[in-house]
Amino acid sequence: RWQSLRAAFYADSEVELDAARLAAIEAAAARAPGDPDVRASLGWAYYRTGALEQAYDELSAAVQLDPNRPRSRYYFAVVLQRLGDRQGAADSYRFVIEQLGTERG
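Rules behind the numbers
Residues numbered from 1 in each chain as written. Predicted model: local features only at pLDDT ≥ 70, side-chain atom pairs only at ≥ 80, totals over all residues. Heavy atoms only, no water. Helix = DSSP H or I, 4+ residues; strand = E, 2+ residues; numbered from the N terminus. Rg over C-alpha atoms; globule rule 2.2 N^0.38 Å. Buried < 20%, exposed > 50% of the residue type's maximum accessible area, 1.4 Å probe, protein only. Phe/Tyr/Trp six-rings, centres within 6.5 Å; stacked < 30°, edge-to-face > 60°. Lys NZ or Arg CZ within 6 Å of the ring centre and 35° of its normal. Contact = heavy atoms within 4.5 Å. Expected span 1.5 Å × (residues − 1). Core = buried A, V, L, I, M, F, W, Y, C linked by side-chain atoms within 4.5 Å.

*Asks:* Let's hear about the overall build of the protein chain: which residues, and what values?
*Replies:* Summing up its helical and strand segments, the protein chain has six helices and zero strands in all. Going residue by residue from the N terminus, the α and β elements of the protein chain occur as α-α-α-α-α-α. Over its C-alpha atoms the protein chain spans a radius of gyration of 13 Å, differing by no more than 12% from the 13 Å that the globule rule assigns to 105 residues. Structurally, the protein chain occupies a C-alpha span of about 35 × 25 × 25 Å along its principal axes. Here the protein chain holds 105 residues, and the buried ones make up 44% of them.

Set out below in structure tokens:
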């Protein structure tokens, strides 16, 4: 659980995502390939480093593992939008709004 929390912190926070932090997230994902939260963290970390295809792959896996997690779906929407899939992005954004409402930020 600690590895998952650390991966989420590194991915989600505004701290510099250096090679060591990215490696820690990748290691957490390797240890828990079936954990959608860790896969979402890795996908978002890849997005933050400009590796869009890897980001897509990891976030797609996270959504497939558990399609009901707003965090995964939001990050997936951002990547889809960046890759030009406007409809896919809109669907994921809509899911997040339906789950969390419009007042949660």
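*Asks:* Requested: an account of the packing of aromatic side chains, with residues and values cited.
*Replies:* Applying the stated criterion across every chain yields a total of five aromatic pairs. The interplanar angle of 55° and the centroid separation of 6.0 Å between the aromatic rings of Tyr 74 and Tyr 75 together place this pair among those described as tilted. By relative accessible area, which is 10% here, Tyr 75 ends up buried. Taking the ring centre of Phe 95 as reference, the NZ or CZ of Arg 73 above it sits at 4.1 Å.

*Asks:* Any chance you could break down the side chain of Ser 41 for me, citing the residues and the numbers?
*Replies:* You can see Ser 41 is positioned in helix α3 (residues 36-48). For Ser 41, a relative accessible area of 1% puts it in the buried group. Excluding residues within four positions of it along the chain, Ser 41 makes contact with Ala 7, Ala 8, Ala 11, Ile 25 and Arg 71.

*Asks:* Talk me through helix α4 (residues 52-65); I want residue IDs and the actual numbers.
*Replies:* The terminal C-alpha atoms of α4 lie 20 Å apart, and with 14 residues this matches the ideal 20 Å at 1.5 Å per residue to within 8%. Those residues of α4 not exposed but buried are Leu 52, Ala 55, Glu 58, Leu 59, Ser 60, Ala 61, Ala 62 and Val 63. Here the buried face of α4 lies against α3 and α5 (70-82).

*Asks:* Outline the nonpolar core, listing residues and values.
*Replies:* Within soluble globular proteins, side chains that are nonpolar generally end up buried alongside one another. Residues Ile 25, Leu 42, Trp 44, Tyr 46, Tyr 47 and Leu 59 are the most contacted members of the largest nonpolar core, which totals 28 residues. Mapped onto this core, the elements with two or more residues apiece are α1 (2-12), α2 (19-31), α3, α4 and α5. When neighbours within four sequence positions are excluded, Ile 25 is seen to be in contact with Ala 7, Tyr 10, Ala 11, Leu 17, Val 38, Ser 41, Leu 42 and Ala 45.

*Asks:* Residue-level account of α5, with values.
*Replies:* One turn of the α-helix equals 3.6 residues, which is why residues spaced by three or four share an orientation. Along its 13 residues, α5 runs 18 Å from first to last C-alpha, staying within 8% of the 18 Å computed at 1.5 Å per residue. Listed in full, the buried residues belonging to α5 are Ser 72, Arg 73, Tyr 75, Phe 76, Ala 77, Val 78, Val 79 and Leu 80. One or two residues past the end of α5 sits Gly 84, with phi positive at roughly 95°.

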